[in-house]
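Now for the letters of each chain:
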Amino acid sequence: MSTVAHQARPAREEPYTGPLLDVRNLHVEFRTRDGVVRAVNGVDYSVSAGETLAVLGESGSGKSVTAQAVMGILDMPPAAIPQGEILFRGRDMLKMSKEERRKIRGQKIAMIFQDALSSLNPVLSVGHQLGEMYRAHRGSNRKEAKAKAIELMDRVRIPAAAERVNDYPHQFSGGMRQRIMIAMALALEPDLIIADEPTTALDVTVQAQVMDLLAELQAEYHMGLILITHDLGVVADVADKIAVMYAGRIVETAPVHELYARPAHPYTRGLLDSIPRLDQKGQELYAIKGLPPNLLRIPPGCAFNPRCPRAQEICRQEVPPLAQVTEDDGTPLAGRGSACFFWKETLHDD
Amino acid sequence: MTIDGATPLGATTPEEVAFAQEVPRGEPILEVRKLVKHFPLTKGILFKKQVGAVKAVDGVSFDLMQGETLGIVGESGCGKSTLAKVLMNLEPATSGSVKYKGEEISKLTGSALKAVRRNIQMVFQDPYTSLNPRMTVGDIIGEPFEIHPEVAPKGDRRKAVQDLLDVVGLNPEYINRYPHQFSGGQRQRIGIARGLALKPEIIICDEPVSALDVSVQAQVINLLEKLQGEFNLSYMFIAHDLSIVRHISDRVGVMYLGRMVEIGSDLEIYDHATHPYTQALLSAVPVPDPTARESRDRIVLVGDVPSPANPPSGCRFRTRCWKAQEKCEREDPALTVRDWLEGRARHDSACHFAAERENG
C-alpha cells in the first residue's frame with residue numbers, strides 16, 4: 001500500500017543520528033501598535049524520529065507561534081525572531097535561504113491545522129488539492145497526480161476514494177476533512193509532522209478515529225510528531241513526552257507517565273487538579289486563581305507567580321531556569337525539567 | 001444474560017421502576033413530552049415547496065426536577081442545542097408539549113409567554129459573540145429589567161446590576177466598562193449575571209465553558225454550583241465534555257440524532273450504561289491518565305453520524321452499532337427500562353438489546 005511514497009521518494013541524505021528537530025532558545029515577538037508582544041521567550045525542545053512530543057498550553061501560551069516559527073509561516077513583520085536556533089537534522093533553518101526553506105517545508109516538515117474546512121480551498125476538488133502536492137513538488141502530470149491522490153485517500157481510509165476524489169471539501173464531514181488534511185501532510189512522506197490541535201474541532205467519537213489513524217501512520221513511516229493541544233486527555237493518550245508552556249516559556253518537560261503521576265511545576269499541578277475527578281463529585285473543583293497574563297505585560301520574575309500558591313519573594317524577582325529534576329538522592333530523572341524554584345517541594349506535594 | 005429468558009421483577013411495572021430511582025427528586029419543574037422540532041427543507045424560489053425536513057429534535061421526553069442539574073450530552077448535530085432553543089421558545093416546537101409547573105408553555109404567545117420566559121433563562125456558549133460590543137456591562141446586565149420592569153424599579157436598577165456583578169465575582173465598579181475589556185472567563189460571568197437578573201428558576205446552559213481555557217473552566221463551574229445553592233436554581237447543562245457533565249449533574253441524558261437514547265443518574269449512565277452509543281461515547285473520551293491508555297477497552301465507532309434529514313429506519317444508531325440485528329431496522333426502540341436489567345442498569349435506555357458492557 002505504501003507504494004505512493006516509495007517510488008516518488010528521492011534518495012535520502014546520509015544517516016543522521018541526532019534529534020530530527022532541535023529548537024534552541026527560540027524567541028518570537030510581535031511588534032504591534034500597543035507595544036511588543038513577547039509570544040515566545042526562550043523555548044527549547046527536540047523531537048526524534050518516531051517520537052511524539054506533545055506541547056501543552058492554554059491560548060496565548062505561545063505553543064502555536066513556536067510551531068509556526070518552525071514551519072516558517074509566520075508573517076514577518078509584524079513577527080520577528082530576535083534570537084534562537086531551529087535545527088532540522090543539525091542545520092539551522094533560520095540561516096537558510098528562502099529557497100532552501102521552501103524545499104523543507106511540505107516535503108520534510110508538514111503541518112496539520114485545527115480547522116480543516118478553512119484550510120482547504122472550497123472551490124477546488126480534494127483530488128486536485130491532494131494531487132497538487134505531486135504536481136508542484138514532484139512534477140507529476142495530471143493523471144499520475146490523480147492516481148496518487150486516490151491512493152492517499154485510501155491510506156487515510158476514506159471510503160470509496162475513487163468515486164470521491166472529485167468531490168469538494170463541503171461534501172465531506174468534519175472527520176473526513178481532517179483525514180484529507182492528514183493525507184495532504186503525508187503526501188510527500190515528511191520526516192516530521194506538526195499537528196496543531198488536530199482534533200479539537202471534532203466530536204469525541206470521531207476524535208478517537210482520527211488520533212488512532214495519526215498514531216498508526218506515524219509508527220508506519222517512523223515520523224516525528226509534534227502534537228500541539230490544550231487537552232490533557234488527548235495528550236495522555238498518544239504522547240511520549242510533554243512540554244508544558246506558559247506565557248511563552250516551557251515550564252515543565254517530562255515523559256508522559258511521570259508528568260501525570262508527579263508534576264514538578266505548580267502550573268502543571270493546577271491543571272491536573274482542575275480536571276473533575278470521581279471522588280470530588282459535589283465538592284468545589286480546584287481552580288487556578290486569576291487569569292493567564294497579558295503578553296504585553298508579562299509579570300516580572302516567574303510569569304506564573306501572581307497565580308501560584310507557592311510564590312515567594314524570589315519568584316517575583318528572578319526568572320526560574322528550566323532545572324533538571326532529580327530524585328531525593330540526587331539521581332537525575334531522564335527528560336524531566338521544571339522552571340520552578342520550588343520543584344522539589346512541588347514534586348512531593350499530595 | 002439471555003434476552004428471551006428475562007424475568008419480570010415482581011409486580012413493578014417498568015414505569016414504576018423508572019420513577020423509583022435512588023436520586024432524591026423534587027417536584028418536576030419542567031415536563032417535556034414527545035417534543036419534536038423539524039426544520040423544513042424547501043425547493044424553489046417563488047413557489048417554495050417542502051421536499052423534506054431536518055429532524056433536529058424528534059420525540060424527546062424528560063422531566064427537569066426542582067433544584068437539580070440535568071446534563072445533556074451528545075455529539076454535534078444530535079439536537080441538544082435545538083432542544084434548548086425550543087425549551088426557551090426561541091424556536092416554535094413542531095409538536096409535543098413542554099409544561100412549566102404543570103402549565104403548557106409551548107403554545108403560549110404575547111404577555112403570557114413573556115411572563116413564563118422570565119423564569120427560564122439561558123447562558124450561551126460563546127462569551128465573545130453573545131454580548132453586544134457596543135453596550136456597557138451595566139446595560140447588558142440591566143437590559144432584562146427594561147423588558148420586565150416589575151423586577152427592579154427604575155431607580156434601583158444600577159444597584160441591582162452592581163449586586164449581580166458582585167454575586168458572579170466581578171468588581172461592581174466595572175459597570176461602565178465594555179465587553180472587550182474583559183477576558184473570556186470574565187465575559188462568561190457577565191453572561192451568567194445577565195441570566196440571573198430576572199431571578200429565574202431554570203437556567204439552560206448551552207456549552208457554558210467549552211470556549212474557555214482549561215484553567216478558567218473550573219472557576220466558572222464552581223460559580224455555577226455556588227449560584228445553584230444560593231438561588232435554588234434548576235440547571236439544564238448542555239455540554240460535550242463528559243467529565244465536566246459528570247461533575248456537575250445529578251442526572252444525565254444522552255442524545256443521538258434527535259433522540260434521547262439513555263437517561264439516568266450520573267452513576268447509572270457513567271458506570272452502568274446500557275445503550276451501545278453511550279458505551280462508545282464514554283470509551284472514546286480521552287482520559288487524562290496515561291496508565292489508563294493501556295488498560296482501557298476502547299470502542300471506536302465506524303463511520304459518521306447519519307444526516308438528520310434522512311435518519312435510518314428503526315433504531316437511529318443501528319448503522320454504527322456492533323449489536324445491530326434485523327429487529328433494529330424494523331422497530332424503533334422505546335426509551336424505557338428493559339425488564340431483564342438489574343441493579344443500577346435498571347434505567348431508561350432506548351435499545352432492544354440493552355446490557356452493561358462485560359468488562360466495563
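Note that the structure is predicted; figures quoted are calculated from it, not measured. (Residues numbered from 1 in each chain as written. Chains lettered and ligands numbered in written order. Predicted model: local features only at pLDDT ≥ 70, side-chain atom pairs only at ≥ 80, totals over all residues.)

A word on the overall build of chain B
Filter applied, for reference: Strands here are runs of E lasting at least two residues and helices are runs of H or I lasting at least four, both read from the DSSP assignment and numbered beginning at the N terminus. We compute the radius of gyration over the C-alpha atoms and compare it with the globule rule, which gives 2.2 Å times the number of residues raised to the power 0.38. Here exposure depends only on C-beta density: within 10 Å of a residue's C-beta, 20 or more other C-beta atoms make it buried, 12 or fewer make it exposed, and intermediate numbers make it partly exposed, the C-beta atoms being placed from the backbone.
A count of helical and extended segments in chain B gives 12 helices and 11 strands. Taken against the 2.2 N^0.38 rule, which gives 21 Å for 360 residues, the C-alpha radius of gyration of chain B at 22 Å falls within 12% of a compact globule. Burial statistics for chain B: of 360 residues in total, 43% are counted as buried.

A few points about the pairing of strand β13 (residues 332-338) of chain A
Residue and element names in this part refer to chain A. Defined as follows: Strands are labelled as partners when DSSP assigns at least two bridges between them.
Bridging between strand β11 (residues 249-255) and β13 involves two bridges; their strand directions are antiparallel. By the bridge assignment for β13, Glu252 is matched with Ser338. Inspection of the sheet shows strand β12 (residues 323-326) paired to β13 by three bridges, in the antiparallel sense. Across the sheet, the residue bridging to Gln324 is Gly337, located in β13. With antiparallel pairing between neighbouring strands as the criterion, β12 and β13 make up a hairpin whose turn holds five residues, including Gly330 at a positive phi of roughly 95°.

Some details on the interface of chain B and chain A
Formally: Contact definition: two residues whose C-beta atoms, as placed from backbone geometry, lie within 7 Å. Residues were grouped as follows: Ala, Val, Leu, Ile, Met, Phe, Trp, Tyr, Cys and Pro as nonpolar; Asp, Glu, Lys and Arg as charged; and all remaining residues, including Gly, as polar.
Across the boundary between the two partners, chain B contributes 32 residues, which contact 35 residues of chain A. Looking at the side of chain B that touches chain A, the element that brings in the most residues is helix α7 (residues 214-231) of chain B, giving seven residues. Each residue belonging to the side of chain B that touches chain A can be placed in one class, and the counts come to 15 nonpolar, 10 polar and seven charged.

Looking at the domain arrangement of chain A
Residues and elements named next belong to chain A. We count it as follows: Segment limits for the domains were obtained from an automatic or database-derived domain assignment.
Taken domain by domain, chain A holds domain 1 (3-239) and domain 2 (264-278 + 286-348). Distance from the C-alpha centre of domain 1 to the C-alpha centre of domain 2: 30 Å. In this complex, domain 1 contributes eight residues to the contact, which on the side of domain 2 involves seven residues. Among the elements that line the side of domain 1 that touches domain 2, the one with the most residues is strand β2 (residues 35-47), at four residues. The residue makeup of the side of domain 1 that touches domain 2, split by class, is three nonpolar, two polar and three charged.

Side note on the sheet that holds strand β10 (residues 259-265) of chain B
All names here are of chain B. The criterion, for reference: Geometry is summarised by axes, namely lines fitted to C-alpha atoms with helices restricted to the contacting stretch, and by angles between N-to-C directions that run from 0 to 180 degrees.
Taken in spatial order, the seven strands of this open sheet run β6-β7-β8-β3-β9-β10-β11, and their pairing is mixed. Only two strands of the sheet have a single neighbouring strand rather than two, namely β6 (120-123) and β11 (348-349). Note: β10 against β11, two bridges, orientation antiparallel. Within the sheet, the bridge partner assigned to Ile263 lies in β11 and is Asp348. The strands that helix α6 (residues 184-196) touches are β6 and β7 (202-206); relative to β6, the one it contacts most, it runs at about 175°.

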